[in-house]
Each structure stands twice: as structure tokens, then as C-alpha cells.
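Fold and geometry: a report
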Amino acid sequence: MIFIKLDSRLLTDGPFSMDWKATARVCREVGAVKEDMVVSHGSHNFGLHVIQEYGATPEGFVKAKETTLKLSMYVLSSLIAAGVPAVAFPPSAFMFADNGEIKQILVDPLREALGRFVPLVHGDAIVDSTTGYTFFSSGEILGELAKYIKPRKVLVATDLGPQAKFEPNTAINDSNFRDLSGKLGIEGRRLEGWGRLSADCGCEVRVFDGRKEGGLAEALEAKAGLAINIEDPDSLN
């Protein structure tokens, strides 16, 4: 079983605007995967964009939920059109937070769906008993799910541009993260997030250029991408 993370920057071309061509193509590539999987997508140009405007207010929560669900329905429809038996699992419907940390997860429905369907999760605003709500990225959602559903690998389709500087199958681990992180042409915050996802999931996170046709298949076969294996999260600091 694998996790597939679709970067929202790959699916969108601006605030509240879909890149339909890229979305359809990457969803077709997901449809070619013959393995149980959970698919996730980010919410950068939808839900997070709203939160940046409204902040941690009740209105911000409502609007973030609205826009995030719109994006997820767009992705869900594209997956189904590509022949993927995708079913939406909004994290706020089965997760609960307190003071910025996930405290409860009702994971059984999602676990039971695996094998028959493809659960689709996303970055989401989740009710928080202390702060009202907290926004968790799609990577953080997958990291929490991995405590209950262990993937053998996580594939991250992103918009790595020409500024990214690494050879295919460049490997990052605990011992070389600090040395390589400043030399790859990748935003440090994103690279650290992928490292934490590897540590949380206890497996390799393979980051590849999702703009390239056939990139998902190559990454699944370990023929392309940046291979991240982090065991100790402290090595990221």
C-alpha cells in the first residue's frame, strides 16, 4: 500500500484557479497504479489562501472549509473520470485536534475502504477544542494516518522547476540532510516537510516532478525523483 501526495501547486495555476490539463493528466497516471493507495492533495491556492486573508476567525474557518472542499471535489471528479474508484474522506470529518495537535482519529471507515476504493484526503481546517480550528497540511494528514495505516512508500508529485538541482535517485537521509538541503534548489520549508513525512510514515518519500508525463510511474519504479529516508526528525533541524 502506498500514499500518493499531489502538490496543490501542480493542480492549480493561481488562487481559486485549477490547472485542468495538469490535473487530468496526473489523475490518469494515478489511475494506472495497480496497488492499494491513499491519495492526498494540498490546499495551498484554495483553503490556505482564505486563511491567510481571514486568519483564525469563525468566518475564516467556514470559508476555508468551503474552498477546500471545492478543490477536493474537482480532484475527486478528475480521479473518477480517470477510472479511479476514489471516495472523499475530508479529514475534518474523522479527525479532532486540541491546541494545534491531532488528538483523535476515527480511522476504521478509511481503513475498511482500502482495497475496494481509493480514499482521497486533503489539507484541511480541523476543529480544535482550544483554538477553534487548526489547518493541517496534506503531508501532516498523511503523517497522522501513517500511525494507523502503514504505507510502504510515499510518492509526492510536485512542481519542481528548473531551479531544482539533483540527479535522479539522489538520496537524502539523516546523515546528509543538512549538507544537501541548501544545495538542491528546493525551498527549505518544503524539503523539511517531506523529511518529516518520511519520519512520520517510517518509509521512503520519493519526490518527483509531477509536470513530466509518466513521472509517477518512474517514481513508483524508483527510476526518478528525490529519495528521502529520515528516521530521526531531529536531523532536520
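Everything quoted here is computed from the prediction, not taken from an experiment.

What counts, and where the lines are drawn
- Residues numbered from 1 in each chain as written.
- Predicted model: local features only at pLDDT ≥ 70, side-chain atom pairs only at ≥ 80, totals over all residues.
- Heavy atoms only, no water.
- Pairing = 2+ DSSP bridges.
- Helix = DSSP H or I, 4+ residues; strand = E, 2+ residues; numbered from the N terminus.
- Axes fitted to C-alpha atoms, helices over the stretch in contact; angles between N-to-C directions.
- Contact = heavy atoms within 4.5 Å.
- Buried < 20%, exposed > 50% of the residue type's maximum accessible area, 1.4 Å probe, protein only.
- Core = buried A, V, L, I, M, F, W, Y, C linked by side-chain atoms within 4.5 Å.
- 1 Å grid on protein atoms, 1.4 Å probe; cavity = no way out; pocket = protein on both sides within 12 Å on 5 of 7 lines; lining within 4 Å.
- Points joined across faces, edges and corners; volume = space filled by probe spheres on them.
- Nonpolar A, V, L, I, M, F, W, Y, C, P; charged D, E, K, R; others polar.

Here's the deal with the sheet that holds strand 13 (residues 204-209)
The strand order across the open sheet built from eight strands is 5-8-4-1-11-13-14-12, with neighbouring strands paired in mixed fashion. With partners counted over all chains shown, the strands left at the sheet margins are strand 5 (86-88) and strand 12 (170-173), one partner each. Shown here is a sheet whose adjacent strand axes are inclined to one another by a mean of 25°, direction ignored. Relative to strand 13, strand 11 (residues 153-158) is paired through six bridges, and the arrangement is parallel. From the neighbouring strand, V154 faces strand 13, where its bridge partner is V205. Against the sheet, helix 8 (residues 188-201) engages strand 1 (2-6), strand 11, strand 12, strand 13 and strand 14 (226-229), with an angle of about 55° to strand 14.

Some remarks on unusual backbone geometry
Despite not being glycine, F16 shows a phi value in the positive range, around 60°. Inspection of the secondary structure puts F16 in the loop between strand 2 (12-14) and strand 3 (17-18). Phi is positive for A222, which is not a glycine, with a value near 60°. Mapped onto the elements of the fold, A222 is located in the loop between helix 9 (215-220) and strand 14. Overall, the relative accessible area of 30% leaves A222 in the partly exposed class.

Observations regarding the nonpolar core
Counting 39 residues, the largest nonpolar core has V121, L145, L191, W194 and I228 as the members making the most contacts within it. Looking at this core, the elements with two or more residues in it are strand 6 (95-98), strand 7 (101-105), helix 5 (108-113), helix 6 (138-145), strand 11, helix 8, strand 13 and strand 14. Looking at this core, the element that brings in the most residues is helix 8, giving four residues. Non-local contacts of L191, meaning those with residues more than four positions away in its chain, are made with I172, F177, S181, L184, I186, L226 and I228. One finds I4, L10, A86 and A157 within the second-largest nonpolar core, a separate group that totals 26 residues.

A word on the layout of surface pockets
The calculated volume of the largest pocket comes to roughly 770 Å³. Looking at the largest pocket, it is lined by 30 residues, and the ones nearest its centre are S137, S138, G139, E140 and G193. Every element with two or more residues in the lining of the largest pocket is listed here: helix 1 (8-11), helix 3 (47-54), strand 7, strand 10 (132-136), helix 6 and helix 8. Considering each element in turn, the lining of the largest pocket owes the most residues, seven residues, to helix 8. Here the lining of the largest pocket is composed, by residue class, of six nonpolar, 13 polar and 11 charged.

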